Amino acid sequence: MSGMSRAGWIRLFVVSLLVLMLEVACRAGWIDPVAVIAPTKMAAGAWNLLASGSYTKPILLTLSNVAMAAALSVVVGFAAGWVLYRLPRFRRAADPLLASYYAVPTFIFYPLFIVLFGLNRWPLVAIGFIFAVVAMALNTLQGFERVPQVLRRTAQAMRLSPQQTLIRLVLPSCAPHLFTGLKLSIVYAFIGVIAGEFVLSGAGLGFEIAFAYNSFDNATMYGLMILLLGFVGGLNMLLYSWERRLYLRRGGR
Amino acid sequence: MADALAAKSSRPILPKAALDKLLLLAALLVLWQLLSMLVGAEVLTNPLATLRRLGSLMSDPSFAGHARETGSAFAVALVISLAGGLGIGTLLGAHRLSGEVSEPLLVGLYSIPKITLYPMVLLLFGLGMSAKIAFGALHGIIPVILFTMSAVRNIPQIYLRAGRSMRLTPSQMFTGVLIPASLPEIVTGFRLGFSLTLLGTLIGEMFASQRGIGYLLIKSMESNESGVIIALALLLVVLATAASWLLLELERRVHGRFGT
């Protein structure tokens, strides 16, 4: 990527302007400091958290939970997407269920998982997993479905074996969709784990935010939020630009 | 290949599709029953007991109030998500530069765990109805914006030129060209927006209020009444699935009529 586009500069300008306006409004006392604190104070809070080192453990705990949930959901979601693809009748019947999957707050099952797995990290991993796995499955399915017919016919004409067809042709052809699935899995695992921690758990980043909120510690709360959002946002941007490049290389849209 | 054949031979005729859905439903019920037997009824109540629990829950006189509370918060949030998302999405799609400026920001906002923004929403809107609505709309509006924007952006230039040469006013252009040409994708966005608005509203209720389905959920989570949780989850799954089914049908119809 060479340099920044015009839109990129405008975006930077708009965002900085918004932050500046918020800063001015907070400093001038137009916004109640109980609700929102000035961005510089948020940043200072975030820096203090990192420097003090007392939040390293919850951060690492959350990240490892997310990593496990995402890895599990990528593997299982891929398999599930393949099964859905092979069974079109089943898939059509399950369509409304799949479509409504994300309307139900999955973390309400947290108490069940605690009974099933015990009071440890696995209930949270399970929540991240059930939140992320369907996104991976749906994207895998879409990838398989969108392999152009002409490629499949070419494979037949060249008498490729099923394994060769899969490795040489089907997988490369659906790679962008698989990557989108991977990206969403990571994002959704984050959302699931953090939401679970926020609501019920006694440790982790989400819990610390809720704890700081309940004890009116705005500097810590906004500091943690900034750290979390910065991390997730940065990860997203990385994956997003990677994905763009993948699509571009295929000459697709 | 076999699946190409299968795709050709199984064009959906209604009775068969309906039969498949019934079969799937039966299989899910059996699975649920088995799972319940495996982990124990006090952890996961079986289907029949859950239905009975749901029945007694719904016949409780206070339930109607909770349901009405959730319903009205959801309805307002949905209207804000759909109308706001449609308006903003159309503007951003029609004006290329502002679309380019805002798209990465919106995608970023869409993919962060919005639950962490909850304290801020609460502090800004206070406890009660407005916080729930704000949280529902916050979840739902972004996918609607994103889908509308991409739909409007992908409208073939020639439609716009034809509209201009016919001297359509901006509002005629909006209702006569932009909306019909982008309808299929917009309906997909609406479907996503619907699900996420419901999710957001429920999460909002979990913390911001003393009423509503979300409040019932968090209360039974805290007292570990798994029977109530499962019963409410069943209610939500059934409602959301029914709505998604309707929207999917609508989507299929719209795609058939306007889509490529």
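Note that the structure is predicted; figures quoted are calculated from it, not measured.

### Side note on the interface of chain A and chain B
Line of reasoning, step 1. Across the contact, 48 residues belong to chain A and 52 residues belong to chain B.
Line of reasoning, step 2. Taken together, the residues of the side of chain A that touches chain B sort by class into 38 nonpolar, four polar and six charged.

### A closer look at the environment of A:Ile209
Line of reasoning, step 1. Relative to the helices and strands, A:Ile209 resides in helix H9 (residues 205–214).
Line of reasoning, step 2. The spacing of A:Ile209 and A:Ile194 is 15 residues in sequence and 9.7 Å in space, taken between C-alpha atoms.
Line of reasoning, step 3. For A:Ile209, the residues in contact, after removing those within four places along its chain, are A:Phe198, A:Met221, A:Leu224, A:Met225 and B:Thr116.

### Re the packing of helix H6 (residues 122–145) of chain A against helix H8 (residues 162–199) of chain A
Packed helices, taken two at a time, are described by the angle their axes make and the gap between the axes.
All names here are of chain A.
Line of reasoning, step 1. The interhelical angle for the contact between H6 and H8, taken along N-to-C directions, is 160 degrees, at an axis separation of 7 Å. It follows that H6 is roughly antiparallel to H8 by the angle criterion. The interaxial crossing formed by H6 with H8 has right-handed handedness.
Line of reasoning, step 2. Counted by class, the contact of H6 with H8 contains 15 nonpolar, 11 polar and one charged residues.

### Concerning the confidence of the model for chain A
Line of reasoning, step 1. When pLDDT is averaged across chain A, the result is 84; 97% of the residues are at 70 or more.
Line of reasoning, step 2. Per-element confidence in chain A ranges from a low mean pLDDT of 80 for helix H5 (residues 110–117) of chain A to a high of 92 for helix H3 (residues 56–86) of chain A.

### Quick look at H9(A)
Line of reasoning, step 1. Of all the 10 residues making up H9(A), eight are buried; the element is thus mostly covered by neighbouring parts of the structure.
Line of reasoning, step 2. Phi turns positive, to about 55 degrees, at A:Phe216, one or two residues after H9(A).

### Considerations on the domain arrangement of chain A
All names here are of chain A.
Line of reasoning, step 1. Once the domains are mapped, chain A shows domain 1 (1–32) and domain 2 (37–249).
Line of reasoning, step 2. Each of domain 1 and domain 2 has a C-alpha centre, and these two points are 29 Å apart.
Line of reasoning, step 3. Counting residues at the interface gives five residues for domain 1, matched by four residues for domain 2.
Line of reasoning, step 4. Residue classes in the side of domain 1 that touches domain 2 are distributed as three nonpolar, no polar and two charged.

### Comments concerning the environment of A:Ala99
Line of reasoning, step 1. Position of A:Ala99 relative to the elements: it lies in helix H4 (residues 88–99).
Line of reasoning, step 2. Look at A:Ala99 and you get buried, because 23 C-beta atoms sit within 10 Å.
Line of reasoning, step 3. With 35 residues separating them along the chain, A:Ala99 and A:Val134 place their C-alpha atoms 9.9 Å apart.
Line of reasoning, step 4. Not counting residues within four places of it along the chain, the set of residues in contact with A:Ala99 comprises B:Arg191, B:Ser244 and B:Leu248.

Parameters and conventions
Residues numbered from 1 in each chain as written. Chains lettered and ligands numbered in written order. Predicted model: local features only at pLDDT ≥ 70, side-chain atom pairs only at ≥ 80, totals over all residues. Contact = placed C-beta atoms within 7 Å. Nonpolar A, V, L, I, M, F, W, Y, C, P; charged D, E, K, R; others polar. Helix = DSSP H or I, 4+ residues; strand = E, 2+ residues; numbered from the N terminus. Axes fitted to C-alpha atoms, helices over the stretch in contact; angles between N-to-C directions. Parallel < 35°, antiparallel > 145°, perpendicular 65-115°, else oblique. Left-handed = near helix turned anticlockwise from the far one by under 90°. pLDDT = per-residue confidence, 0-100. Buried ≥ 20, exposed ≤ 12 C-beta atoms within 10 Å, placed from the backbone. Domains from an automatic or database assignment.

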